[in-house]
Amino acid sequence: MAEDKLCSGSDSVRRSGSGRLTLLTLALGTFCIGTTEFASMGIIQLFAGSLGVDLATATHAITAYAIGVVIGAPILTIAAARLNRRTLLLLLISVFVAGNVLSAIADSLAFFIAARFVSGLPQGAYFGAGAVVASYVVGPGRSGQAFAIVMTGLTIATIIGSPLATFLGQNVGWRQTYLCIAALGLVSLVSLSLFVPRTSALDGASIAHELSGLSKGRVWLMMAVAALGISSIFAVYTFIAPFVTDLVLLCPEMIPPALAIFGVGMTVGNLYGGRLADRHPSLGITAGYGCTLLVLVLLALRGANPWVFFPAMFGVGATMMVAIPTIQVRLTALAPESATLMGAMNLASLNVANALGAWAGGITIGAGLGLLSTVWAGFVMTSAGLILFILAMSAGRKGAAGR
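Residues numbered from 1 in each chain as written. Predicted model: local features only at pLDDT ≥ 70, side-chain atom pairs only at ≥ 80, totals over all residues. Heavy atoms only, no water.

**What to know about the environment of G153**
Inspection of the secondary structure assignment puts G153 in helix α8 (residues 143–171). Each C-alpha atom of the pair G153 and C32 lies 7.8 Å from the other, and the pair is 121 residues apart in sequence. (Helix = DSSP H or I, 4+ residues; strand = E, 2+ residues; numbered from the N terminus.)

Okay, structure coming up:
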């Protein structure tokens with residue numbers, strides 16, 4: 001009965017034409033989230049210098065944001081299990097605004113790390129709730145495309161939001177960057193209140209209902225595949241500013257174009273990955289991870305050449321993003337009764353990847369292995385994620401054959 005209600009409500013939304021506005025509004029929220037996450041990597045040299053720390057230490061703020069996502073995704077989703085998804089989205093964006101204001105006024109590294117942690121708390125829960133609302137709008141059988149739509153705001157943030165935020169930081173100041181992001185968050189808050197439908201079809205469920213998904217071992221296995229495999233994208237993106245200035249030896253003004261090229265790749269990969277996820281149950285992960293490994297080798301061996309560096313930025317973003325909608329579809333299929341939590345845990349996994357990538361890159365740079373050592377660190381982690389997925393698929397087939 002609940003499914004019938006959801007489907008009929010979705011048809012009504014699509015017929016009324018308001019569904020498109022709802023999707024654009026959800027994407028605006030993810031655009032804000034993506035801008036604050038990725039802008040920190042583009043201005044890492046600026047806030048490191050202002051707060052009096054070296055580059056390796058400054059990565060702790062990026063890691064803190066990722067930890068905030070990882071902790072906030074399950075805790076906020078479970079705590080708000082009974083809330084209507086519309087109400088939850090509004091609350092989450094409010095926390096996002098507060099976290100970015102705190103980031104702008106931070107006067108020490110400890111304060112800044114705490115502010116970035118707060119900023120990250122709502123991200124996973126927002127994507128989880130947003131995926132549920134998007135699925136309601138697009139209808140059944142298109143969950144991969146629905147999640148890709150929600151993710152589109154994040155990938156466009158890497159094309160427009162992060163480069164503009166980096167440009168703003170370079171010319172006005174990194175604190176003003178976070179204040180502008182907070183202001184954009186307020187615009188998102190108003191848009192969500194206007195265009196996300198008020199309907200009981202988006203009501204939450206009991207805490208026990210949401211938690212049931214976490215009792216399944218295959219859910220945790222898929223999250224490990226995501227966390228390991230996708231970490232290479234952050235082992236590259238976190239250090240894109242010093243790559244441009246210290247590796248390729250270009251001027252700082254080339255950092256925003258490099259960020260934008262990476263973002264174009266992410267957007268292309270995400271949109272293709274959404275369609276692939278609804279048609280093939282595993283190809284997005286195997287092909288995405290496998291092609292990423294090839295691009296990483298090219299980047300690690302020839303990345304100092306600008307004619308290799310910029311295409312490789314596009315390639316890493318595109319190939320890795322192909323996998324992410326498939327991960328979401330597989331998580332939801334494993335625990336359909338916990339759809340919101342599965343969306344949140346997918347983003348939590350991605351931010352474990354964020355923390356792993358930044359941490360591994362910081363370790364290799366701190367050890368004096370050079371900037372490109374971060375690429376090899378990412379290669380090792382993505383290889384581990386791909387191997388784990390292949391082993392899991394093989395075990396699953398053998399178990400099915402045994403039955």
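**Section: the packing of helix α11 (residues 217–237) against helix α14 (residues 283–302)**
Across the interface, α11 lies against α14 with an axial gap of 11 Å and an inter-helix angle of 30°. The angle between the axes of α11 and α14 places the two elements in the roughly parallel class. Along this stretch, α11 crosses α14, giving a crossing that reads as left-handed. The residues of α14 that touch α11, namely those facing M222, V225, A226, G229, I230, S232 and V236, are I285, Y289, T292, L296 and L299. (Axes fitted to C-alpha atoms, helices over the stretch in contact; angles between N-to-C directions. Parallel < 35°, antiparallel > 145°, perpendicular 65-115°, else oblique. Left-handed = near helix turned anticlockwise from the far one by under 90°. Contact = heavy atoms within 4.5 Å.)

**Things to note about the nonpolar core**
Buried together is how nonpolar side chains tend to be arranged in soluble globular proteins. F47, Y126, I230, F262, Y289 and F309 are the most contacted members of the largest nonpolar core, which totals 108 residues. Other than its neighbours up to four places away in sequence, F262 contacts I233, V236, Y237, I240, M313, V316 and G317. (Core = buried A, V, L, I, M, F, W, Y, C linked by side-chain atoms within 4.5 Å. Buried < 20%, exposed > 50% of the residue type's maximum accessible area, 1.4 Å probe, protein only.)

**Brief notes about helix α6 (residues 109–120)**
Counted at 1.5 Å a residue, the expected span for α6 with its 12 residues is 16 Å, and the 16 Å between its end C-alpha atoms agrees. If you check which residues of α6 are buried, you get L109, F112, A115, R116, S119 and G120. Here the buried residues of α6 occupy an arc of 135° about the axis, which is enough to place them on one side. (Expected span 1.5 Å × (residues − 1). Arc of directions from axis to C-beta.)

**Some points on unusual backbone geometry**
Unusually for a residue other than glycine, L249 sits at a positive phi of about 65°. The residue L249 is located in the loop between α12 (240–247) and α13 (255–279) in this model.

**Some remarks on the side chain of Q123**
Assignment of secondary structure puts Q123 in helix α7 (residues 123–138). The class of Q123 is buried, set by a relative accessible area of 1%. At 2.6 Å, the side chain of Q123 forms a polar contact with the side chain of Y65. (Polar contact = N/O pair within 3.5 Å; in protein donor to acceptor, adjacent residues only side chain to side chain.)

**As for the side chain of T267**
Here T267 shows up in helix α13. A distance of 3.1 Å separates polar atoms of two side chains, one belonging to T267 and the other to T155. Residues contacting T267, with those up to four places away along its chain left out, are T155, I156 and I159.

**Considerations on helix α4 (residues 55–79)**
For α4, spanning 25 residues, the distance from its first C-alpha to its last is 36 Å, which sits close to the expected 36 Å at 1.5 Å a residue. A maximum bend of about 35° is found in α4 at G72, where proline P74 lies one to four positions downstream. (Bend = angle between axes of the 7 residues up to and from the residue.)

**Looking at the packing of aromatic side chains**
Aromatic ring pairs are reported here in terms of the distance separating the ring centres and the angle at which the planes meet. The tally for this structure, following the rule as stated, stands at 10 aromatic pairs. Centroid distance Y126 to F127: 6.3 Å. Interplanar angle 80°. Geometry classified as edge-to-face. Classification of F127 as buried rests on a relative accessible area of 0%. Aromatic side chains W174 and Y178 sit 6.2 Å apart centroid to centroid with 85° between the ring planes, which places their arrangement in the edge-to-face category. Residue W174 and its partner Y178 are both found in helix α9 (residues 174–195); the two are separated by four residues, about one turn of the helix. In this structure W174 comes out as buried when scored by relative accessible area, which is 6%. (Phe/Tyr/Trp six-rings, centres within 6.5 Å; stacked < 30°, edge-to-face > 60°.)

**As for the environment of A66**
Mapping A66 onto the fold places it in helix α4. By relative accessible area, A66 is classed as buried at 0%. Spatially, the C-alpha atoms of A66 and F117 are 7.4 Å apart, while their sequence positions differ by 51 residues. Once residues within four sequence positions are removed from consideration, A66 is found in contact with N351, N354 and A355.

**Regarding the confidence of the model for the protein**
Here the protein averages 84 in pLDDT, and 91% of its residues register 70 or above. Low pLDDT, under 50, characterises residues 1–12; the stretch is placed with 11 contacts to residues that sit more than four places away or in other chains. (pLDDT = per-residue confidence, 0-100.)

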